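Close look at the chain arrangement
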Amino acid sequence: MNSGSPVTARCLICGWPAGTGAECIVCHSPLAGAEDARRRARLAWDLRAAHRAAAGDERALLALVAEVRSDDPVEPADILAAGMNLRWEPDRHYDHSLGAIANLLSALVAGDLEVLVFVCLTADGIELHRAEASGSRLAHMADPGPRSEWAELTAALPTDPLRRRFVLAGGIGTNEPADPVAVVADILSQLPDLDALLISSRRAIVVVDGCPDWLPLSRVRAEAVTRYRASTCLKHPLTGPDDSAAALVDSLVRQAPVGVRHELVLIRPGDDGVLQLEMATVLRPGEKSTAVNEVEIYAPVGPTGPVALPFVIRPTAVTEPADWEMVELMLADVPRGRRSRIRVSLNDRAQFALDGVPVVSGPSSTWLELLHRMPRRLVGGPIDVVFAVELVDGPAAEARLDLVRATVDAIASEVWDPELIRVGAIGYFQHGDLRREPETHVQPLTAPALAKRALAAWRTRSNVDDYAACVEEALADAAELAWRDEAHRFLVTFGSRPPYLRDQLPAYTNACRKGLDWVAAYNHLAARGVRMIGVLGQPEWPAPRTTDDVAWVRLHEAWQALGAHASFAQQDTEIADILHAVQVAYVTPSTPFAYAVATSPSRNHPERTS
């Protein structure tokens, strides 16, 4: 280069060809004037470059003070002061660039593009990141392309990483002053060839300038936009220690719209006993890939092991299930007989992620294999089941009532036909000398959802300092219910106390106020074919007096009878134990799917989700 040529003469401030005017066409410094003014301009130029290169790192500030052109010693505070007005703000093109990227991502998930390439210029080098669309039209990050350090592309840069950043930020320096023109020329000659990297021709390019206002890299960015025919250029600083081009691109790609509806397949029992597929939408067309949707599921008690959660797309709403495409299959380890609320989202590879339930590994199945394992119709006949629960306050009283409520809720989830299973409930208390409240609450045999609603309003009462509870009244009330002859009939009693005797004995325990005999009521129910299941808690009273030992005897006699068909200790009892005992296991053990959850309080079937 001919340094005497007025066209190619270098500016003594910024090191770039200055042009032929009165001031530099790059830094706008006067080309002629007092030496003091030029010294101040050189100092200010290098201070600003040092501030950009340090990116707030105190150790970097200390190291860069020696690089700044100055006749006087430079302190880190001088670099900080020079950068007070250098805070980056998005320019007027920033929102336009984001809008252009959003349009390109929409074209990607629509299939109009095969790949979207992000050419990222960072403080340390050039990176290529790619976004692709899966077969189910979800945008995701592909494996990253090659990364080149600036030092690999030019020998005109210092070998020290911090001094290299200083030069790329526009600094000239005192130790081997930089030649920004040579730096840019070398880098431009080494820009990646996208065709040589076998990147599809059905591509669009976005240039990401991670170092806005770094003068040499702004020249590289301008050439990259032209050479790659970039659809847009996004200026977004990536100079901090925690900044990452990959993270920025990932955040952009995860804003891509969903191309097609994605649904979770659940099952629901129809009123005729035929099992039907229920679709729960987890991703809607047009919403962002970052969307998180909640779904409530119920794991039926008949099968064992994890439930299958298949995510599918349907070509059209009228296709047969065999024509659906299963995008992903996940296995969830959820408790049987209980509802579970799950949050469904996508990870950075456009794969489904679940929050709220543990995902486990297991044998893989095809969509057709899952369909073949689903029974066509519920097995088993009609059931009448009545839950009698002691409502005397005590340490385990609320747990007892909660277990009954949860069991009835599970029954409401198992079968949505209000005639196949009917549920009744009896809450029983104690007699008391001054009590005027009824000794029992009675909910007739009805649809499970109605029994569930009634149980929600029940509350316990305080103990009246008595050993017994009104078990005999609960049995008498149960005998008066409208049991169906054609149904399997069960009475499940939850409690911890013996019944009252018909007649008063010389003991602390009172007699039944109504003169009822629990044995007679029990025999009446047994004669009707009602099978007795007992769930006994620990007695919540101290050892009776010697004269009241009969209370212990009556406790064991009564609960042996109340648990004649099946008996459980309350503290060890799960919902599934009770449902199996009352034969509410209507799907086959091999049924893979979870149930949809009935949501209507007055009917046993929810609104259809599709």
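For the structure given in this document, a descriptive report is provided here. Along every chain, residues carry numbers that run from 1 in the direction the sequence is written. In view of the model being predicted, local features appear only for residues whose pLDDT reaches at least 70, and side-chain atom pairs are presented and counted only at 80 or more, with totals across whole chains, interfaces and linings using the full set of residues. Each side-chain value is worked out from all heavy atoms of the structure, with water and hydrogens disregarded.

1. With respect to the side chain of D46
What counts is decided by this rule: Runs of E in the DSSP output that reach at least two residues are strands. Runs of H or I that reach at least four are helices, and both are numbered from the N terminus. We define a polar contact as two N or O atoms separated by no more than 3.5 Å, with the added condition that, inside protein, one atom must be a possible hydrogen donor and the other a possible acceptor, whereas residues neighbouring each other in sequence contribute only through side-chain atom pairs. We call two residues in contact when some of their heavy atoms are within 4.5 Å.
Tracing the backbone shows D46 in helix α1 (residues 35–54). There is a polar contact of 3.2 Å between the side chain of D46 and the backbone nitrogen of G173. Those residues within four positions of D46 in sequence are excluded, and the remaining contacts are E67, V68, R69, F166, G171, I172 and G173.

2. Thoughts on the sheet that holds strand β16 (residues 421–428)
Strand pairing in a sheet takes place through backbone hydrogen bonds and is either antiparallel or parallel in direction. Just so we agree on the cut-off: Any two strands between which DSSP finds at least two bridges are classified as paired. Axis definition: a line fitted to C-alpha atoms, limited for helices to the stretch in contact. Angles are taken between N-to-C directions and run from 0 to 180 degrees.
Strand order in this open sheet of six strands is β17-β16-β15-β18-β19-β20, and the pairing throughout is mixed. Among the strands making up the open sheet, the edge pair consists of β17 (440–446) and β20 (566–569). For this sheet the average axis-to-axis angle between neighbouring strands, irrespective of direction, equals 15°. As judged from the four bridges shared by strand β19 (residues 531–536) and β20, these two strands associate in the parallel manner. Its bridge partner lying in β20, I533 is registered against A566.

3. Quick look at the nonpolar core
This is how the line gets drawn: Throughout, nonpolar core names a set of buried Ala, Val, Leu, Ile, Met, Phe, Trp, Tyr and Cys residues whose side chains join them through atoms within 4.5 Å. Each residue's exposure class comes from its accessible area (1.4 Å probe, protein chains only) as a fraction of the maximum for that residue type: buried when under 20%, exposed when over 50%, partly exposed otherwise.
Formed by 56 residues in total, the largest nonpolar core has its most connected members in C14, L64, I79, V119, W150 and V220. Top element by residues in this core is α1. It accounts for six residues. For C14, the contacting residues outside a window of four places in its chain are C24, V26, C27, W45, I172 and P180. One finds V423, A576, A581 and V597 within the second-largest nonpolar core, a separate group that totals 55 residues.

4. Side note on the packing of aromatic side chains
Selection criterion: Two aromatic rings from Phe, Tyr or Trp, using only the six-membered ring of Trp, form a pair when their centres are within 6.5 Å; if the ring planes differ by under 30 degrees the pair is stacked, by over 60 it is edge-to-face, and anything between is tilted.
Inspection of every chain in the model, using the stated rule, returns five aromatic pairs. Here the aromatic rings of F311 and F352 are separated by 4.2 Å at their centres, their planes lie at 10°, and the arrangement is stacked. Of this pair, F311 sits in strand β10 (residues 307–313) while F352 is found in strand β13 (residues 352–355), placing the two residues 41 residues apart along the sequence. In this structure, F311 and F352 share a single accessibility class: buried. Chaining the aromatic ring pairs together yields one cluster made of W324, W367 and F593.

5. Some remarks on empty space enclosed by the protein
Filter applied, for reference: Lining residues are those with an atom within 4 Å of a point, where the points come from a 1 Å grid over the protein atoms alone and group into cavities, where a 1.4 Å probe fits but cannot get out, or pockets, open sets with protein on both sides within 12 Å along at least five of seven lines. Grid points are joined across faces, edges and corners, and a volume is the space filled by probe spheres set on the points. Throughout this entry, Asp, Glu, Lys and Arg are counted as charged residues, while Ala, Val, Leu, Ile, Met, Phe, Trp, Tyr, Cys and Pro are counted as nonpolar. The remaining residues, Gly among them, count as polar.
One pass over the full model with this rule turns up two cavities of 30 Å³ or more. If you add up the space inside the second largest cavity, you get close to 40 Å³. Every residue lining the second largest cavity is listed: A139, H140, M141, D250, V253, R254, S289, L346, N347, D348 and A350. Per-element tally for the lining of the second largest cavity: the top contributor is strand β3 (residues 139–141), with three residues. Considering only residue class, the lining of the second largest cavity consists of five nonpolar, three polar and three charged.

6. Notes on the environment of I79
With respect to the secondary-structure elements, I79 resides in helix α3 (residues 76–82). A residue is classified by how much of its surface remains accessible, and I79, at 0% relative accessible area, is buried. Distance in space between the C-alpha atoms of I79 and L43 is 9.9 Å, their sequence separation being 36 residues.

7. Observations regarding unusual backbone geometry
One non-glycine residue with positive phi stands out, namely H28, at about 65°. As for its position among the elements, H28 is in the segment before α1. One non-glycine residue, A55, adopts positive backbone phi at about 50°. You can see A55 is positioned in the loop between α1 and α2 (58–64). On the basis of relative accessibility, which here comes to 28%, the residue A55 falls in the partly exposed class.

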